[in-house]
Amino acid sequence: MRLLSHTIGILTNPEKEWKAIRADRHSFFQVFLTHVPFLALIPTVAGYFGVTRVGFEIGGHMAKLTPESAAVLSIVTYFALLVGVYCLGEFINWMARSYGVEGDEPTRHYEGTALAVFITTPIFLASIVVLFPHPWLTMAAVGIAGMYSIYLVFAGIPILMNMNKERAFLYACAVLTVALVMMVTVLIASVILWSVGIGPIYQHHIH
């Protein structure tokens, strides 16, 4: 079991990598646990250091959060990301029969989870920018990663689930709708927590 396998390939050669992911045939549990818990550390750890060491602008002043306050926000964000990717995979699996995805239940479950894991990978990787928690920088980086993730949805479903392009397109649209709602909600909530905050404790203002 290769830790974080396919992570680079899905960025550099997605068509080849989707074929390799399909050939892996791990369980849905394996593909989730070998990737998401580690990828979700990127935004949470980077965000922690960003808001405690670098600081962010509020009302024309630079502010930082206390380590304790930032740690709470990091933990909440981390588990929200885990739950979000897991639920996305479950939705994809739930929709599989309706769109004629072949294979037995364990195979479909693996494919659905793998799709959720790897279409969110670019967003996780891009979130390293929250080391410098500037809203415009964060939105730009996550926005570019999000567009690539959309491409991965449409490119991945026909290969990963061995579907014709017509059915795959409809399936991808359904997946994308839910994925965007879920992931954007989580990401916006994370940005709000880091920048504006609900109950953060500030260290001081830097003039």
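As shown above, the structure is provided for reference.
Everything quoted here is computed from the prediction, not taken from an experiment. (Residues numbered from 1 in each chain as written. Predicted model: local features only at pLDDT ≥ 70, side-chain atom pairs only at ≥ 80, totals over all residues. Heavy atoms only, no water.)

Asks: Looking at this model, I keep getting lost on the overall build of the protein. Mind explaining?
Replies: Counting its secondary structure elements, the protein contains 9 helices and 3 strands. When the elements of the protein are put in sequence order from the N terminus, they spell out α-α-α-α-α-β-β-α-α-α-α-β. Within the protein, the fraction of its 207 residues that count as buried is 48%. Within the protein, counting contacts between residues at least 6 apart in sequence, those at least 24 apart form 75% of the total. (Helix = DSSP H or I, 4+ residues; strand = E, 2+ residues; numbered from the N terminus. Buried < 20%, exposed > 50% of the residue type's maximum accessible area, 1.4 Å probe, protein only. Contact = heavy atoms within 4.5 Å.)

Asks: Looking at this structure, I do not really get the pattern of salt bridges. What am I missing?
Replies: If charged atoms from side chains of opposite charge come close, those side chains can pair. Under the counting rule described, the total for this entry stands at 4 salt bridges. Measuring nitrogen to oxygen at the nearest pair gives 3.8 Å for the salt bridge that ties Glu 15 to Lys 19. Of the two residues, Glu 15 and Lys 19 are both situated in helix H2 (residues 14–24); the distance of 4 residues between them amounts to about one turn of the helix. On the accessibility criterion, Lys 19 (49% relative accessible area) is partly exposed. Each of Arg 22, Arg 25 and Glu 111 takes part in a single network of salt bridges with overlapping partners. (Salt bridge = Lys/Arg side-chain N within 4 Å of Asp/Glu carboxyl O.)

Asks: Got a minute to help me understand the environment of Ala 20 in this structure?
Replies: Among the secondary structure elements, Ala 20 is positioned in helix H2. Along the backbone, Ala 20 and Ile 159 are 139 residues apart, and their C-alpha atoms lie at a distance of 9.9 Å.

Asks: Would you mind going over the side chain of Arg 108 with me for this structure?
Replies: Along the chain, the position of Arg 108 falls in helix H7 (residues 105–126). Separated by 3.0 Å, the side chains of Arg 108 and Glu 105 make a polar contact. Residues in contact with Arg 108, not counting those within four places in the same chain, are Asn 93, Ala 96, Arg 97, Val 101, Glu 102 and Gly 103. (Polar contact = N/O pair within 3.5 Å; in protein donor to acceptor, adjacent residues only side chain to side chain.)

Asks: Can you walk me through unusual backbone geometry in this structure?
Replies: With the exception of glycine, the majority of residues adopt a negative phi angle, and the majority of peptide bonds are in the trans configuration. Backbone geometry places Arg 25, a non-glycine residue, at a positive phi of 55°. Tracing the backbone shows Arg 25 in the loop between H2 and helix H3 (28–33). What makes Arg 25 partly exposed here is its relative accessible area of 38%. For Asn 162, which is not glycine, the phi dihedral falls at a positive 50°.

Asks: What is the right way to look at the side chain of Thr 52 in this model?
Replies: One can find Thr 52 in helix H5 (residues 41–54). Within the structure, the side chain of Thr 52 is placed 2.6 Å from the backbone oxygen of Tyr 48, a separation counted as a polar contact. When residues no more than four places from it in sequence are discounted, the contact partners of Thr 52 are Lys 64, Leu 65, Thr 66, Pro 67, Ala 70 and Gln 203.

Asks: What exactly am I supposed to notice about the packing of aromatic side chains here?
Replies: Across all of its chains, the model carries 9 aromatic pairs by this definition. Ring centres of Tyr 99 and Tyr 171 lie 5.0 Å apart, and the angle between their planes is 15°; this geometry places the pair in the stacked category. Taken as a pair, Tyr 99 in the loop between helix H6 (67–96) and H7 and Tyr 171 in helix H9 (residues 165–195) lie far apart in primary sequence, 72 residues in all. Seen in terms of ring centroids, Tyr 148 and Tyr 151 are 5.7 Å apart; in terms of plane orientation they differ by 40°. Their pairing is tilted. Of this pair, Tyr 148 and Tyr 151 both sit in helix H8 (residues 135–160), 3 residues apart, which is roughly one turn of the helix. Owing to a relative accessible area of 43%, Tyr 151 belongs among the partly exposed residues under this scheme. (Phe/Tyr/Trp six-rings, centres within 6.5 Å; stacked < 30°, edge-to-face > 60°.)

Asks: How should I be thinking about the environment of Asp 104 in this particular structure?
Replies: Within the secondary structure, Asp 104 is located in the loop between H6 and H7. Within the structure, Asp 104 has its side chain in polar contact with the side chain of Thr 107 (distance 2.6 Å).

Asks: What should I look at first to understand the nonpolar core in this one?
Replies: Looking at soluble globular proteins, one finds that nonpolar side chains tend to be buried together. Core analysis: the biggest nonpolar cluster contains 40 residues, and Trp 18, Ile 92, Leu 115, Ile 157, Met 161 and Tyr 171 have the highest contact counts within it. When contributions to this core are tallied by element, the ones reaching two or more residues are H2, H3, helix H4 (36–39), H6, H7, H8 and H9. Not counting chain neighbours up to four residues away, the residues in contact with Met 161 comprise Arg 22, Ile 92, Val 101, Glu 111, Gly 112, Leu 115, Gly 156 and Tyr 171. (Core = buried A, V, L, I, M, F, W, Y, C linked by side-chain atoms within 4.5 Å.)

Any functional reading would require information beyond the geometric quantities listed.
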